[in-house]
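Letter by letter, the chains look like this.
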Amino acid sequence: MGGFFKSSIGRKVAMALSAFFLMFFLIIHLAVNITSLFGETVFNDMSHFMGTNPLIQFALQPVLIFGVVFHFVMGFVLELKNKKANGVAYVKNNGAANSTWMSRNMIYSGLAILAFIVLHFIDFWIPELNTKYVVGDMSGMHDGNFRYYHELVEKFQNPARVVAYVVAFVLLGLHLAHGFTSAFQSMGVTAGRKKTLQSIGKGYSIIIPLGFIIVAISHYFNH
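Numbering of residues starts from 1 in each chain and follows the order in which that chain's sequence is written. At least 70 in pLDDT is required for a residue's local features to be given in this predicted model, at least 80 for side-chain atom pairs to be given and counted, and no such filter applies to totals for whole chains, interfaces and linings, which use all residues. Processing note: side-chain calculations cover all non-hydrogen atoms of the structure and skip hydrogens and water entirely.

Caption draft 1: Seen up close, the packing of helix H7 (residues 106–134) against helix H8 (residues 148–155). For helices, the fitted line uses only the C-alpha atoms of the stretch in contact; every axis is such a line through C-alpha atoms, and the angle between N-to-C directions lies from 0 to 180 degrees. The helix count covers DSSP runs of H or I at least four residues long, the strand count covers runs of E at least two residues long, and both are numbered beginning at the N terminus. Running from amino to carboxyl end, H7 crosses H8 at an angle of 145°, the nearest separation of the two axes being 11 Å. In this structure, H7 crosses over H8, and the sense of that crossing is right-handed. Here Asp123, Phe124 and Glu128 of H7 lie close against H8, whose contacting residues are Tyr148, Glu151, Leu152 and Lys155. The nonpolar class holds Ala, Val, Leu, Ile, Met, Phe, Trp, Tyr, Cys and Pro. Asp, Glu, Lys and Arg form the charged class, and all remaining residues, Gly among them, are polar. Residue classes in the contact of H7 with H8 are distributed as 3 nonpolar, no polar and 4 charged. Crossings are classed by handedness, with left-handed meaning an anticlockwise turn of the near helix from the far one by less than a right angle and right-handed meaning a clockwise turn. Residues are treated as being in contact if the distance between any of their heavy atoms lies within 4.5 Å.

The structure is reproduced here in structure tokens:
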């Protein structure tokens with residue numbers, strides 16, 4: 001098994017599996033965030049459940065963090081291996097003749113998305129950990145009400161932050177436009193289904209980022 005994941009095929013399979021996990025997480029994350037557009041109650045209840053449920057906090061959350069780190073590290077490893085294998089010719093060849101611009105620049109969109117994830121952690125995840133495990137407040141309350149909706153809306157009052165989120169999700173959409181089909185291809189399931197998967201991938205890469213963008217912009221203008 002160790003030898004398999006040291007091979008080029010093994011690394012691509014591992015990359016694809018982490019991509020599937022993260023794409024599923026994006027759906028769940030967007031589903032929770034979308035509820036904030038329809039009022040405080042459901043969003044607060046869902047946020048409190050996810051923020052205090054032991055299974056989510058101590059099992060799924062560590063797996064998510066590992067998945068994020070693993071996906072980006074594996075992406076950089078594959079990029080370096082590809083460049084090393086192709087040598088100088090990699091720079092000189094006419095890549096546009098055989099691949100899309102996005103497929104040739106996944107590393108750069110990935111770096112931009114990684115920077116956004118760091119910002120997102122600073123905005124939400126680190127303050128949440130501080131409140132729960134340093135301050136010791138697991139109630140989720142502030143001034144007699146759940147704090148989650150208020151904290152979300154407050155973050156999106158800064159126009160610079162909203163612009164950063166929009167740009168990051170546009171890049172995420174471009175990243176997904178190639179990565180969705182590529183993940184299935186790495187698992188060997190595109191035979192006879194490539195056009196269908198490409199269509200689903202295009203829809204996914206538009207709907208998911210657009211949903212997050214709508215949440216950010218709506219809270220900015222409706223506050």
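Caption draft 2: Local environment of the environment of glutamine 157. Looking at where glutamine 157 falls in the secondary structure, it is placed in the loop between H8 and helix H9 (159–186). Relative accessibility thresholds used throughout: buried, under 20% of the residue-type maximum; exposed, over 50%; partly exposed, between the two (1.4 Å probe, protein chains only). In this structure glutamine 157 comes out as partly exposed when scored by relative accessible area, which is 26%. In this structure, the C-alpha to C-alpha distance between glutamine 157 and tyrosine 220, residues 63 residues apart in sequence, is 5.3 Å. In this structure glutamine 157 touches His219, Tyr220 and His223, once residues within four positions along its chain are discounted.

Caption draft 3: Looking closely at helix H10 (residues 194–222). Taking 1.5 Å of rise per residue, the 29 residues of H10 would be expected to cover 42 Å, and the 41 Å separating its terminal C-alpha atoms lies within 8% of that figure. Taken together, the buried positions of H10 are Leu197, Gly201, Tyr204, Ser205, Ile208, Pro209, Gly211, Phe212, Ile213, Val215, Ala216 and His219. Packed against the buried residues of H10 are helix H2 (8–34), H8 and H9. A helix is expected to span 1.5 Å for every residue after the first.

Caption draft 4: Representation of the packing of aromatic side chains within the structure. Side-chain rings of Phe, Tyr and Trp, where Trp is taken by its six-membered ring, are said to pair if the distance between their centres is within 6.5 Å; with planes under 30 degrees apart they count as stacked, over 60 as edge-to-face, and otherwise as tilted. The full count for this structure, using the stated rule, is 14 aromatic pairs. Between phenylalanine 180 and phenylalanine 184, the ring centres sit 5.2 Å apart and the planes meet at 45°, which makes this aromatic pair tilted. Here phenylalanine 180 and its partner phenylalanine 184 are both found in helix H9, 4 residues apart, which amounts to about one turn of the helix. Look at phenylalanine 180 and you get buried, because its relative accessible area is 8%. Residue phenylalanine 184 is classed as partly exposed on the basis of its relative accessible area of 22%.

Caption draft 5: The confidence of the model for the protein chain, seen in detail. In this model, the protein chain carries an average pLDDT of 87, and 89% of its residues clear a pLDDT of 70 or more. Taken as a whole, residues 88–95 scores under 50 in pLDDT and shows 4 contacts with residues more than four places along the chain or in a different chain. pLDDT is defined as a per-residue confidence score from the predictor, taking values between 0 and 100.

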